Amino acid sequence: MNTSDTLFQLLSRIPNLLPYEFQKYHQISKYGESDRTIRNKKWPKEWSEIYYKGYPRFKAYSLPQASNLRDAALQDAYFKRISAKQFSKAPCTVSETSDLLYFGAGEFDSPNTALTKRRFYPSAGARYPLEVYPIVLQHHEIPPGIYHYYVRGHAIEVLPQPRNIKKLLYQSIDQPFVKKASMVFAVSAVFDRTSIKYQERAYRLALMEAGHMCQNFYTTSAALGIGCCALGGFNDDTIHNLLGLDGISESILILMAFGHTD
Ligand SMILES: Cc1cc2nc3c(=O)[nH]c(=O)nc-3n(C[C@H](O)[C@H](O)[C@H](O)COP(=O)(O)O)c2cc1C
């Protein structure tokens with residue numbers, strides 16, 4: 001880490017010296033210990049009713065039924081995509097893990113385009129602010145622990161392993177079905193990569209990119225026959241501590257749980 005990175009982090013810890021408003025917003029939108037029981041609350045009607053906007057007084061053209069996509073496998077994966085809320089505890093294989101990381105977050109050679117290395121998701125200004133940390137819980141070949149996906153080498157790097165990883169992770173998520181997941185991928189953003197070009201707007205862009213990446217995880221899981229669920233409810237700082245992130249220059253955005261389903 002160079003001196004300017006260190007200085008940036010030090011300044012960021014002093015509230016009035018945070019360079020961007022989005023960094024302050026990110027702090028206040030974090031979940032802590034007291035926020036994690038939303039799932040235990042009785043849901044009012046407005047939490048489960050699905051709303052549709054329409055313009056009934058305006059003319060409308062009815063569209064024909066959507067045709068079959070030329071790529072039947074892709075269409076099949078779209079229809080199979082679902083948030084799995086039950087895992088069978090059967091572990092994932094290294095081949096499945098490789099496919100998920102590659103098609104979700106990896107890069108490939110693209111010699112005939114402006115960017116000679118491209119990814120399976122778009123990135124504003126090709127700044128690629130996202131990082132993925134696989135947390136392996138039960139697995140056929142990979143020892144449980146915390147890893148970082150090294151995009152350049154398509155490899156998982158073994159990070160320092162804090163004690164009680166599973167206990168801290170399950171406490172942080174507090175959603176019992178995750179205990180049977182084989183892996184949880186933590187998706188973070190290194191905001192500076194994008195804010196150096198787009199300033200405040202970087203925050204929107206990074207969140208959108210995480211959505212694109214996570215859809216790839218979902219579609220790849222569906223194509224592999226693996227269950228997948230996005231998890232937005234977790235204690236941010238517990239995850240930051242597990243991964244060794246400062247939570248300011250690089251913050252966790254979303255978790256993705258994977259596992260086989262019955
Ligand atoms: C950003 C985001 C966060 C989510 N967080 C959770 C979560 O914390 N726990 C959970 O069980 N499902 C979570 N979900 C999954 C939703 O419950 C699910 O997408 C929704 O019920 C629609 O179902 P489907 O994905 O199967 O079509 C999340 C989905 C998104 C997009």
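Everything discussed here concerns the structure shown above.
**Notes on the overall build of the protein**
So, point 1. Secondary structure summary: the protein contains nine helices and eight strands in total.
So, point 2. A compact globule built from 262 residues would reach a C-alpha radius of gyration of about 18 Å, and the protein, at 20 Å, matches this within 12%.
So, point 3. With respect to the three principal axes, the spread of C-alpha positions in the protein is 60 × 55 × 50 Å.
So, point 4. Of all 262 residues assigned to the protein, the portion counted as buried reaches 29%.

**Considerations on the pairing of strand E4 (residues 145–150)**
So, point 1. Strand direction decides the pairing type here: strand E3 (residues 130–136) and E4, joined by two bridges, are antiparallel. Residue pairing in the sheet places valine 136 in a bridge with glycine 145 of E4.
So, point 2. Bridge count between E4 and strand E5 (residues 155–158): four bridges; the pairing is antiparallel. Looking at E5, one finds that tyrosine 150 is bridged to alanine 155.

**Regarding the pairing of E3**
So, point 1. The element E3 is extensively covered by neighbouring structure, given that seven of its seven residues are classed as buried.
So, point 2. Of the two faces of E3, the one carrying Leu130, Val132, Pro134 and Val136 and the one carrying Glu131, Tyr133 and Ile135 are both buried.
So, point 3. One ladder, built from seven bridges, connects E3 with strand E6 (residues 183–190); its direction is antiparallel. Note that in E6 the partner of isoleucine 135 across the bridge is valine 184.

**Observations concerning the sheet that holds E5**
So, point 1. Strand order in the open sheet made by the six strands is E5-E4-E3-E6-E8-E7, with antiparallel pairing throughout. Strands at the two margins of the open sheet, each flanked by one partner only, are E5 and strand E7 (227–231). Ignoring strand direction, the axes of neighbouring strands in this sheet form an average angle of 30 degrees.

**With respect to helix H6 (residues 165–173)**
So, point 1. Among the residues of H6, Leu169, Ser172 and Ile173 are the ones counted as buried. Considered in projection along H6, the buried side chains sweep an arc of 90 degrees and stay on one side of the axis.
So, point 2. Looking at the packing, one finds that the buried side of H6 touches E3, E6, E7, helix H9 (236–243) and strand E8 (250–259).
So, point 3. At the exit of H6 stands aspartate 174, carrying a positive phi of roughly 55 degrees.

**Points about unusual backbone geometry**
So, point 1. One non-glycine residue, alanine 126, lies in the positive phi region at around 50 degrees.
So, point 2. A tally of 12 C-beta atoms within 10 Å means that alanine 126 is categorised as exposed.
So, point 3. In the Ramachandran plot, tyrosine 128 falls in the positive-phi region, its phi being about 45 degrees despite a non-glycine side chain.
So, point 4. Here tyrosine 128 is to be found in the loop between strand E2 (117–119) and E3.

**A short note on the site of the ligand**
So, point 1. The ligand sits among Ile82, Ser83, Lys85, Gln175, Cys229, Ala230, Leu231, Gly232, Gly233 and Ile254.
So, point 2. Ranked by residues supplied to the shell around the ligand, first place goes to E7 with three residues.
So, point 3. Taken together, the residues of the shell around the ligand sort by class into five nonpolar, four polar and one charged.

**Points about the packing of H6 against H9**
So, point 1. At a minimum axis distance of 9 Å, the contact between H6 and H9 shows a crossing angle of 155 degrees. Accordingly, the angle class assigned to the pair H6 and H9 is roughly antiparallel. As for how H6 packs across H9, the hand of that crossing is left-handed. Of H9, the residues touching H6 (which contributes Ile165, Leu168, Leu169, Gln171 and Ser172) are Thr238, Ile239 and Leu242.

Criteria and cut-off values
Residues numbered from 1 in each chain as written. Predicted model: local features only at pLDDT ≥ 70, side-chain atom pairs only at ≥ 80, totals over all residues. Helix = DSSP H or I, 4+ residues; strand = E, 2+ residues; numbered from the N terminus. Rg over C-alpha atoms; globule rule 2.2 N^0.38 Å. Buried ≥ 20, exposed ≤ 12 C-beta atoms within 10 Å, placed from the backbone. Pairing = 2+ DSSP bridges. Axes fitted to C-alpha atoms, helices over the stretch in contact; angles between N-to-C directions. Arc of directions from axis to C-beta. Contact = placed C-beta atoms within 7 Å. Near = placed C-beta within 6 Å. Nonpolar A, V, L, I, M, F, W, Y, C, P; charged D, E, K, R; others polar. Parallel < 35°, antiparallel > 145°, perpendicular 65-115°, else oblique. Left-handed = near helix turned anticlockwise from the far one by under 90°.

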